[in-house]
Amino acid sequence: MEVKRMKEIKKVAVLGAGLMGKQIALNTAQYGYDVKLYDSFPEALDAAGKWAEDYLAGRVEKGKMTADQVAEIKKHFALEKDLKTCVQDADLVIEAIIEDRAIKEVLFTDLSNYCAEDTILATNSSRMVSSLFKDFVKNPARLANLHYFNPALVMKLTEVVQGAHTSNETAEALMDFSVKTGKDPIWVRKEIDGFVVNRILGAITREANFLVAEGYVKPQEVDTAVEKGLNHPMGPYRLQDLTGVDLSFLVMKRNFEENGEKQPGYEMYEEMYNNKQWGRKTGKGFYEYPA
């Protein structure tokens, strides 16, 4: 069944209460959509609820929001511990769970059984294209990537990635939803690994790693060049400390396992990974951070 006309998005389910999911959910609720946030781990869901309370209280304390605005947002934001209850009446489901293909396949199978066939299903994955899951979904025309950037409450960009299975109506609906939730979306009209931003960032980082591995400069000097010469807010190494050096190495490792080629800087990242120099999350990466 091809989606010809998308129903209006009013109710949104966000799956995964981790760093990205909780921010996507709260951002959506701020714009008046009814949002349910789900996680298979009750402790993660409880932690996300406390985080939302603290975040909103902080916005009031800083004068960024009024108490009335916060009260209105809370009316639209709910935690849900049962997956079926969370998604069964949703107009849009945004998946933001662990980046594990097998686990996502099971989830999309469940969603296909629990949701109406015109419910839009979106994955926030930055690496896995939605076509990987089209065979697990009834009516894959309503399936696409909707990729947010961290921190999702602040970053304005979303990437709407349309696979060959995705209808134009689905992509248009996600573009419209992004705009209505305060984002500036781009429409990626064909699937490609890494989409747009990560491909461009990857090109910069690969060249930076070559320069460092060959002894031309140190990582911190690359950051200075990129920040002061290109006017980027963060150089590639400062950015990796924020996003996680461990994640950078695991991507490198996956590429090595798939094609047998070690990218420039592989040994440096491997040593940092083994020493748990993962960036801000461990207190040390390419820079040191106070406890």
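First things first, this report covers the structure right here in the doc. (Residues numbered from 1 in each chain as written. Predicted model: local features only at pLDDT ≥ 70, side-chain atom pairs only at ≥ 80, totals over all residues. Heavy atoms only, no water.)

1. Let's talk about the overall build of the chain
Each helix and strand counted, the chain has eleven helices and eight strands in total. Expected size for 291 residues packed as a compact globule is a radius of gyration near 19 Å; at 20 Å, the chain falls within 12% of this value. Projected onto its principal axes, the C-alpha positions of the chain cover 55 × 45 × 35 Å. Looking at the 291 residues of the chain, the share that counts as buried comes to 47%. Restricting to contacts in the chain with at least 6 residues of sequence separation, those with at least 24 account for 65%. Summed over its atoms, the accessible surface of the chain is roughly 15,100 Å², and 52% of this surface lies on carbon and sulfur atoms. Computed over 38 positive and 44 negative side-chain charges, the inter-centroid distance for the chain is 3 Å. (Helix = DSSP H or I, 4+ residues; strand = E, 2+ residues; numbered from the N terminus. Rg over C-alpha atoms; globule rule 2.2 N^0.38 Å. Buried < 20%, exposed > 50% of the residue type's maximum accessible area, 1.4 Å probe, protein only. Contact = heavy atoms within 4.5 Å. Areas by Shrake-Rupley, 256 points an atom, 1.4 Å probe, with all protein chains shown as cover. Lys, Arg positive; Asp, Glu negative; His and termini not counted. Charge placed at Lys NZ, Arg CZ, Asp CG, Glu CD.)

2. Focus: the packing of aromatic side chains
Counting across every chain of the model gives ten aromatic pairs. Between Tyr33 and Phe177, the aromatic rings sit 5.2 Å apart at their centres with planes inclined by 70°, giving edge-to-face as the arrangement. Pair noted here: Tyr33 is in the loop between helix H1 (19–30) and strand S2 (34–38) and Phe177 is in helix H6 (residues 168–180), with a separation of 144 residues, a long-range link. For the pair Tyr33 and Phe177, one class covers both residues: buried. An aromatic cluster of at least three residues, connected via ring pairs, comprises Phe249, Phe256, Tyr266, Tyr273 and Trp278. Directly above the aromatic system of Trp187 lies the positively charged group of Arg189, at a separation of 4.7 Å from the ring centroid. Looking at Arg238, its charged tip hangs above the ring of Tyr287, at a distance of 4.6 Å from the centre. (Phe/Tyr/Trp six-rings, centres within 6.5 Å; stacked < 30°, edge-to-face > 60°. Lys NZ or Arg CZ within 6 Å of the ring centre and 35° of its normal.)

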